[in-house]
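Observations on chain architecture
These are the residues of each chain, in order.
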Amino acid sequence: MQTRNMIAAAVLCSSFLFSGCSTESTTNVQPASVPASAPAAQPDTGATAATANAPLKDATEQYRKYVIEQCDAFVKATEEFVTAVKSGDLKKSQELYAPTRMYYERIEPIAEALGDLDPNIDAREGDVDEKEWRGFHRIEKALWVDKTTKGQETYADQLLNDSKLLRAKVETIEIDPAMLLTGAVELLNEVSSSKVTGEEERYSHTDLYDFAANVEGAYKIFEVLKPELEAKDPALAKTIESRFAEMTKALEPYKKGDGYVLYQELTQEQTKKLSQAVDALAEPLSNMGKTLGV
Amino acid sequence: MNEQNNKPAETEAVTQPKEKSASTISRRDVLKMVGAGSIGLLFGMAGMGGVLVGGRSATAPAGVSPSPAQERIPFYGAHQAGILTPAQNFLCFASFDLTTRDVAEVVNLFRIWTDAAAKMTAGEPVGTESGNPILPPVDTGEAAGLHPSRTTITFGVGPSFFDQRFGLSAKRPAALVDLPKFAGENLRPEWCGGDIGVQVCSDDLQVAFHAVRNLTRLARGVAVLRWVQEGFQRTSAAGSPNETPRNLMGFKDGTGNPDTKDSKLMNELVWAQSSDGPAWMAGGSYLVARRIRMRIEVWDRSSLADQEATFGRYRSSGAPLGAKNEFDPLPLDAKGPDGQPVIPMNAHVRLAHSDGKEKILRRSYSYSSGIDPQTGQLDAGLFFICYQRDIRTQFIPIQQRLAREDKLNEYISHVGSAVFACFPGVREGGYLGQALFEG
């Protein structure tokens, strides 16, 4: 997260709901919810329009569960990451860094709605005062620039505490449908403004992990809203589904093992294509609210 | 629209000399200095190509003639607007690449664009707002309250449009050729080509930008921008609209376009005829765009004598070297005391004049795009645009001649290039390229 992010987010989307930063969490790299192939029909969440609001209630409830799942996984992954850092295992710390962040990145807008948590977990260098800078990116710099885990013990402990605090706080947050709509677009805006430019992971260059996680998080939101959207505007639902499929396909060549290639390995032409795929997806996604009557 | 608003263009038309003999040069002849040389801008095109109609503007008091800014140029008609239309003050040219492989999506894009272009040229937003605060606005909004400003939006398709992707290869017009390599050109891929070309011209740059931005937004997921170039020219606010305009090299240049009021001539030079084939292009026109960078810094330190020898004209008066007045005949055979031709053999004006056989309709704009990051020098020059009935017999021979010999080549560099087959006009209820897709 960063001031830059916040500004970009404010400019890109008219919502200030999540005026925070970007962060991520995750322990592993498997594509969470985005179908790897063509948009297969998603299992109906059982929310076929009965009353006007019931389906959306269903959707928010499903999404709340998803957020909690991701948070649980985030805490677990962070524990492993932090353990590696504190035990002085540089290689393992580097390996776990990006996958851990993915859990956080999938639910970034929610975390951003929770006050200082996002900066504490995800601030990039220069976003906050040097004295206050902590979290993933502080450790990232040590791991990749200084190539050491030394001196990171305190930041590691803080990070774990912050992840647990996040898990506790998400229980309290009220998720409404408008938040979902904004959040989905916000996730893609994060991709547009900091991931596709390589700014998020300036030392580790693992931006594509965050990229994929943001897209997966946006897909989850679409997935929970989809039954209702299909009932109201099947053409829009279809367009969004196919744009997600194209997005996934566009990322496909950059998969490597369980993760992704480093940002630096992409040519300018390739990052441009990815960026255009994000724009192509985010435009119809930003219109989901049209038919949901939120 | 009303006579008064047409006045500057018409007045200028009147002051322009009509045909001259082949051995003389007129402002019209300067037209032929197309190509490399043709740094000439296309101001004050003779004649009104488009019918101007009063634009609707909330601010226009009833019974008062609309101001030029309120003039609206109809989008629908036998030919696309923006070709014969007298050049507006500003240009925003966008080249798009299609990302879809589905021809149905392409057709749909042109339908949507048709509707959007008709609205935007009329000074209307691109769509009706829902008023729903949780949705992004339909129109991006920066043109709200602005006048139609004689905006035209002209669409064409490039050679790559007819590759294997959409099954349209057989419909590619023979006249839509890939340009040959011209001597000395320095083309850069990021300024070349495109599946679709869109020329937006307006007297208000913000209105022009708005159009490109909204067309791009409407195309998301189907087409993406490949390059965009803004351009400008001496505006209609210029003190003496009848005077020949100057290019960025400081020389008077480029008023000698063919008379756009002469419909017979336009059919000969500009509009593709049904006999030319293919049928879907009848009434359309072929556009060549060249981004011609001027070596401004080098030019600025060239002596006056050198500059004048390059153009073959006096900078101040615009008169041919060895003559007195701007419209005097070119003394091509005159020799100086040293026995050399007064107008050098490689002077731009001499080569551009040639035998006057090839003619094209130019619609160029100056451009300025900041600085070249490598050198810190200005990236400025001419965004050359011309329309013609057949690129093979019009632009290409002219440019080949200039590319080979023109002294002006020392000071310019062609860095971008594109050709587009611009559709015939659209009838209300129809859409751009309909005859191509349904024919």
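You'll find the structure just up there.
Summarised in this report is the structure supplied together with it. (Residues numbered from 1 in each chain as written. Chains lettered and ligands numbered in written order. Predicted model: local features only at pLDDT ≥ 70, side-chain atom pairs only at ≥ 80, totals over all residues. Heavy atoms only, no water.)

1. Considering the interface of chain B and chain A
- Every contact between the two is made by ten residues of chain B and, on the other side, eleven residues of chain A.
- Summed over both partners, the interface of chain B with chain A buries about 950 Å², with 52% contributed by carbon and sulfur atoms.
- Three residues, Ile-134, Leu-135 and Arg-220 of chain B, lead the burial of chain B against chain A; their summed loss comes to 48% of the area buried on that side.
- At the junction of chain B and chain A, the tally comes to two salt bridges.
- As a salt-bridge pair, Glu-283 of chain A and Arg-220 of chain B come within 3.2 Å of each other at their nearest N and O atoms.
- Our enumeration of links across chain B and chain A arrives at three residue pairs in polar contact (both at pLDDT 80 or more). (Contact = heavy atoms within 4.5 Å. Buried area = accessible area lost by both parts, 1.4 Å probe. Salt bridge = Lys/Arg side-chain N within 4 Å of Asp/Glu carboxyl O. Polar contact = N/O pair within 3.5 Å; in protein donor to acceptor, adjacent residues only side chain to side chain.)

2. Comments concerning the nonpolar core
- Counting 76 residues, the largest nonpolar core has Tyr-63, Leu-166, Phe-211 and Leu-225 of chain A as the members making the most contacts within it.
- Setting aside residues up to four positions removed in sequence, Leu-225 of chain A forms contacts with Leu-56, Ala-59, Leu-180, Leu-181, Met-288 and Leu-292 of chain A.
- Counting 72 residues, the second largest nonpolar core, distinct from the first, contains Leu-98, Ile-292, Ile-396 and Leu-432 of chain B. (Core = buried A, V, L, I, M, F, W, Y, C linked by side-chain atoms within 4.5 Å. Buried < 20%, exposed > 50% of the residue type's maximum accessible area, 1.4 Å probe, protein only.)

3. Let's talk about helix H11 (residues 268-285) of chain A
- If you check H11 of chain A, its first and last C-alpha atoms are 26 Å apart, about what 18 residues at 1.5 Å a residue would give, namely 26 Å.
- Burial in H11 of chain A covers these residues: Thr-271, Leu-274, Gln-276, Ala-277, Val-278, Ala-280, Leu-281, Ala-282, Glu-283, Pro-284 and Leu-285 of chain A.
- In this fold, the buried residues of H11 of chain A make contact with helix H8 (177-195), helix H9 (207-232) and helix H10 (234-251) of chain A together with helix H4 (205-218) and strand E6 (223-232) of chain B. (Helix = DSSP H or I, 4+ residues; strand = E, 2+ residues; numbered from the N terminus. Expected span 1.5 Å × (residues − 1).)

4. Quick look at H8 of chain A
- The terminal C-alpha atoms of H8 of chain A lie 26 Å apart, and with 19 residues this matches the ideal 27 Å at 1.5 Å per residue to within 8%.
- Most of H8 of chain A is tucked away, with 16 of its 19 residues classed as buried.

5. Description of the side chain of Thr-152 of chain B
- When you line up the elements, Thr-152 of chain B lands in strand E4 (residues 152-157).
- Not counting the four nearest positions on each side in its chain, Thr-152 of chain B is found in contact with Ile-73, Ala-81, Gly-82, Thr-85, Gln-88, Thr-121, Gln-199, Val-200 and Cys-201 of chain B.

6. Regarding the packing of aromatic side chains
- Counted by the stated rule, this structure contains 34 aromatic pairs over all chains.
- The interplanar angle of 75 degrees and the centroid separation of 5.4 Å between the aromatic rings of Phe-161 of chain B and Phe-162 of chain B together place this pair among those described as edge-to-face.
- Since its relative accessible area comes to 4%, Phe-162 of chain B is described here as buried.
- Joined through ring pairs, the aromatic side chains of Phe-96, Phe-110, Trp-113, Phe-155, Phe-161, Phe-162, Phe-166, Trp-280, Phe-423 and Phe-437 of chain B make up one cluster.
- Taking NZ or CZ as reference, Arg-106 of chain A lies 5.3 Å from the ring centre of Tyr-103 of chain A, over its face.
- For Arg-291 of chain B, the ring lying beneath its charged end belongs to Trp-191 of chain B, and the centroid distance is 3.8 Å. (Phe/Tyr/Trp six-rings, centres within 6.5 Å; stacked < 30°, edge-to-face > 60°. Lys NZ or Arg CZ within 6 Å of the ring centre and 35° of its normal.)

7. As for the pairing of strand E3 (residues 90-98) of chain B
Residues and elements named next belong to chain B.
- Burial within E3 is extensive, with nine of its nine residues counted as buried.
- Two strands pair when backbone bridges link them, and E3 and E6 are joined in this way by nine bridges, in the antiparallel orientation. For Phe-93, the partnering residue across the bridge sits in E6 and is Gln-229. (Pairing = 2+ DSSP bridges.)

8. A look at unusual backbone geometry
- Here the amide bond leading from Gly-277 of chain B into Pro-278 of chain B is cis, since omega sits at -10 degrees, within 30 degrees of zero.
- Along the chain, the position of Pro-278 of chain B falls in the loop between helix H5 (263-269) and strand E7 (285-294).
- Although it is not a glycine, His-205 of chain A sits at a positive phi angle of roughly 60 degrees.
- Residue position: His-205 of chain A is located in the loop between H8 and H9.
- Even without being a glycine, Arg-150 of chain B presents a positive backbone phi close to 55 degrees.
- Tracing the sequence through the fold places Arg-150 of chain B in the loop between helix H3 (103-121) and E4.
- When its relative accessible area of 11% is taken as the criterion, Arg-150 of chain B is described as buried.

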